[in-house]
Amino acid sequence: MEITKEMTIGQILQIKPAVAPVLLGMGMHCLGCPASQGESLEEAAMVHGMDIDELMKQIAEVE
């Protein structure tokens, strides 16, 4: 399944748990918090001041 920026962090981690270190490395330290279950990756990137396109590129590189 392809990961999209509309997915929640929780959904992404269920599909591809290996993405966690990428998210943590970019400053998303609340992977288990309630917001990660209801907020899209794009929304979370905005809250954390991240470039969503760069984040998507890094996620795509994870095996």
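A. Local environment of a negative patch on the surface. On the surface, a cluster of negative charge is contributed by Asp51, Asp53, Glu54 and Glu61. Residue position: Asp51 is located in the loop between α4 (41-47) and α5 (52-60). For Asp51, a relative accessible area of 47% translates into the label partly exposed.

B. How the structure looks around the environment of Met28. As for its placement among the helices and strands, Met28 is situated in the loop between α2 (20-25) and α3 (35-38). The buried category is assigned to Met28, whose relative accessible area is 2%. On a C-alpha basis, the gap between Met28 and Gly49 in space is 10 Å, while along the polypeptide they are 21 residues apart. Discounting chain neighbours no more than four positions away, the residues touching Met28 are Ile9, Leu23, Leu41, Ala44, Ala45, His48, Met50 and Leu55.

Reading the values: the criteria
- Residues numbered from 1 in each chain as written.
- Predicted model: local features only at pLDDT ≥ 70, side-chain atom pairs only at ≥ 80, totals over all residues.
- Heavy atoms only, no water.
- Patch = residues over 30% accessible without salt bridge, like charges linked within 9 Å, V, L, I, M, F, W, Y side chains within 5 Å.
- Areas by Shrake-Rupley, 256 points an atom, 1.4 Å probe, with all protein chains shown as cover.
- Salt bridge = Lys/Arg side-chain N within 4 Å of Asp/Glu carboxyl O.
- Lys, Arg positive; Asp, Glu negative; His and termini not counted.
- Charge placed at Lys NZ, Arg CZ, Asp CG, Glu CD.
- Helix = DSSP H or I, 4+ residues; strand = E, 2+ residues; numbered from the N terminus.
- Buried < 20%, exposed > 50% of the residue type's maximum accessible area, 1.4 Å probe, protein only.
- Contact = heavy atoms within 4.5 Å.

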